[in-house]
Amino acid sequence: MFQISSSVVLRQYPGRDVVFLLDGSDGTRTGFPAMRDFVQRVVETLSVDDNKDRVSVVQYSRDPAAQFFLNTYMTKGQILDAVRGLRHKGGRPLNTGAALQYLRDNVFTASAGSRQPEGVPQVLILLSGGRSFDNVDAPADALKQMGVLIFAIGSRGSDIRELQKLSDDPSYALSVSEFTDLPSVQQQLQASVEAVVTDVTPESPTVLVDTGKKDIVFLLDGSDGTRNGFPAMRDFVEKVIENVNVGANKDRVSVVQFSREDEVHFYLNTYNTREDVVDAVRGLRHRGGRPLNTGAALQYVRSNVFTNSSGSRHLQGVPQMLILLIGGRSFDNVDAPASALKQQGISVIAIGTRTSDSGELQKLSYKPNYALSVSEFSDLPSVQEQLSSVIETVQQLQASVEAVVIDVTPESPTVLGMFSSMFST
């Protein structure tokens, strides 16, 4: 059951998605024109008109404000006009953490023009003139786990340690005395980009997507309404796992229970044997609570479970699956969190009961026909074959992506080459 062994080769896309995050707080009022000029000089070197490169600009202080998204303008002339028209927003305090979270949820997304699911490199260039008032650790890590390359440039008013923490590597944080000195770090910025982007040689111009493995997360409704049905949910999870090839380099499994809040029972990298996983599942206890916040739970698994640090191999091309067992309608909104999971390439399979909302199940699922339903949780064995079929379909779809990838041309055979002229003067 669920055993499909195949590997798919994806060719690297030319181009990149570049987002500028500009400190527009009260402290950068005099330096803002120099920041704007720097963005303009960088944009002038990009290949926007042939749809290789896309650009977005976001300004922030207390709150972030998107000046334009990655799919707002499709010509270099339009982008340059928009950049020249930027006005300093002002405000305090400087909430860099909130701005990074905003980018993750609203800018580095398919609906905003990001081509991250197609393999286009994602680049964030942060210009900051002061220390953040809020915490930056978790939002910065979340962007890095998505594969976003962060380059932080600060002035003498910035905290160098914070810049280092924000950047992909401490040595890639750059600093100037004043923003008028930004032209002096263009070559340093180029060197930093070259240092962190993997060189894809003509001999190995591919990324391997291994569809013979999978990362499976079970998200279980543990609210008050499922108290009687929880043992059947637990038995169902155990039956599915007994047919999964668990191993550190094979299939990985995680279980999360939710009601009003979320509780991780174990992560994708907690257990490396089927026996350990099954033992942990047998020990699950119903948590209880109300209301049922499915939207918050989806956001939680996206931010805390489908991540490198929790054992997800999304960046290595391993298929990501979320099997949701739910016995009622969500109290909070599920639209944005469900869309965010889909944009990240996570295949959601929702299984509900007669007390669930069938329309919501279809909305939650990666595709409407991935939504399954039973009268009671005790009937879950009746949909095991359907679930098997859906999982196999997901893996086959992963194998079919080769048909839509784009070759790397001799003119742009490397990801590194995509950046080589990016910051030239």
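The rules we used
- Residues numbered from 1 in each chain as written.
- Predicted model: local features only at pLDDT ≥ 70, side-chain atom pairs only at ≥ 80, totals over all residues.
- Heavy atoms only, no water.
- Helix = DSSP H or I, 4+ residues; strand = E, 2+ residues; numbered from the N terminus.
- Buried < 20%, exposed > 50% of the residue type's maximum accessible area, 1.4 Å probe, protein only.
- Contact = heavy atoms within 4.5 Å.
- Areas by Shrake-Rupley, 256 points an atom, 1.4 Å probe, with all protein chains shown as cover.
- Phe/Tyr/Trp six-rings, centres within 6.5 Å; stacked < 30°, edge-to-face > 60°.
- Pairing = 2+ DSSP bridges.
- pLDDT = per-residue confidence, 0-100.
- Right-handed = clockwise from strand over helix to strand, strands pointing away.
- Axes fitted to C-alpha atoms, helices over the stretch in contact; angles between N-to-C directions.
- Core = buried A, V, L, I, M, F, W, Y, C linked by side-chain atoms within 4.5 Å.
- Salt bridge = Lys/Arg side-chain N within 4 Å of Asp/Glu carboxyl O.

1. Describing the overall build of the protein
Then comes step 1: Helix and strand counts for the protein stand at 13 helices and 14 strands.
Then comes step 2: Here the protein holds 425 residues, and 53% of them are scored as buried.
Then comes step 3: Partitioning the contacts of the protein with sequence separation of at least 6, the portion at a separation of at least 24 is 78%.
Then comes step 4: Just so you have it, the protein exposes about 17300 Å², and 46% of that area is on carbon and sulfur atoms.

2. Quick word on the packing of aromatic side chains
Then comes step 1: Across all of its chains, the model carries three aromatic pairs by this definition.
Then comes step 2: Residues Tyr-366 and Tyr-370 carry aromatic rings whose centres are separated by 6.3 Å and whose planes lie at 20 degrees to one another, so their mutual orientation is stacked.

3. With respect to the sheet that holds strand E14 (residues 372-373)
Then comes step 1: Strand order in this open sheet of six strands is E11-E10-E9-E12-E13-E14, and the pairing throughout is mixed. Strand pairing shows two members of the sheet lacking a second neighbour, strand E11 (262-266) and E14, which therefore form its edges.
Then comes step 2: Summarising the sheet, strand E12 (residues 320-326) and strand E13 (residues 346-352) pair through seven bridges and their orientation is parallel. Pairing of Met-321 across the sheet is with Ser-347, part of E13.

4. Quick notes on the confidence of the model for the protein
Then comes step 1: Confidence along the protein averages 81 in pLDDT terms, with 83% of residues attaining 70 or more.
Then comes step 2: Contacts from residues 1-13, a stretch scored under 50 in pLDDT, to residues over four places away or in other chains number 68 contacts.

5. Quick notes on the pairing of E12
Strand residues, when the strand is regular, have side chains that alternate between the two faces of the sheet.
Then comes step 1: In terms of burial, E12 is largely enclosed, as seven of its seven residues are buried.
Then comes step 2: Covered by surrounding structure in E12 are Gln-320, Leu-322, Leu-324 and Ile-326 together with Met-321, Ile-323 and Leu-325, the residues of both alternating faces.
Then comes step 3: One ladder, built from six bridges, connects strand E9 (residues 215-221) with E12; its direction is parallel. Counted as the bridge partner of Leu-220 is Leu-325 from E12.
Then comes step 4: You can see the chain leave E12, run along helix H10 (residues 335-343) and come back into E13, and the turn it takes is right-handed.

6. So, the sheet that holds strand E3 (residues 53-60)
Then comes step 1: Pairing is mixed across the open sheet formed by six strands, whose spatial order is E4-E3-E2-E5-E6-E7. Two strands bound the open sheet, and with one partner strand each, they are strand E4 (64-68) and strand E7 (174-175).
Then comes step 2: Sheet topology places strand E6 (residues 148-154) next to E7; two bridges connect them, and they run parallel. By the bridge assignment for E7, Gly-154 is matched with Ser-175.
Then comes step 3: Where helix H1 (residues 32-44) meets the sheet, its contacts fall on strand E2 (16-23), E3, strand E5 (122-128) and E6, and the angle it forms with E2 comes to roughly 175 degrees.
Then comes step 4: Against the sheet, helix H4 (residues 137-145) engages E5 and E6, with an angle of about 135 degrees to E6.

7. Quick notes on the side chain of Asn-293
Then comes step 1: With respect to the element layout, Asn-293 can be found in the loop between helix H8 (274-282) and helix H9 (294-304).
Then comes step 2: Here Asn-293 falls in the buried class, since its relative accessible area comes to 13%.
Then comes step 3: In contact with Asn-293, not counting residues within four places along its chain, are Phe-258, Ser-259, Arg-260, Ser-330, Phe-331 and Asp-332.

8. So, the nonpolar core
Then comes step 1: Membership of the largest hydrophobic core comes to 34 residues, with the highest contact counts inside it found for Phe-218, Leu-220, Ile-241 and Leu-380.
Then comes step 2: Of all the secondary structure elements, the ones that give two or more residues to this core are E9, helix H7 (230-241), strand E10 (252-258), H8, E12, E13 and helix H12 (384-400).
Then comes step 3: The biggest single contributor to this core is H7, with six residues.
Then comes step 4: Beyond its immediate stretch of four places on either side in the chain, Leu-380 contacts Ala-232, Met-233, Phe-236, Leu-325, Ile-351 and Val-374.
Then comes step 5: With 31 residues, the next largest nonpolar core counts Leu-22, Phe-32, Val-48 and Leu-174 among its residues.

9. Describing the pattern of salt bridges
Two side chains bearing opposite charge may form a pair once their charged atoms approach each other closely.
Then comes step 1: Scanning the model with the defined rule gives 21 salt bridges in all.
Then comes step 2: For Asp-105, the salt bridge goes to Arg-302, with nearest N and O atoms at 3.5 Å. In this pair, Asp-105 is assigned in helix H3 (residues 96-106) and Arg-302 in helix H9, connecting sequence segments 197 residues apart.
Then comes step 3: In this structure Asp-105 comes out as partly exposed when scored by relative accessible area, which is 32%.
Then comes step 4: Note that Arg-161 is salt-bridged to Asp-159, the shortest N-O span being 3.9 Å.
Then comes step 5: Looking at Asp-159, the relative accessible area reads 11%, which means it is buried.
Then comes step 6: One salt-bridge network, in which partners are shared between bridges, spans Asp-26, Arg-29 and Arg-92.

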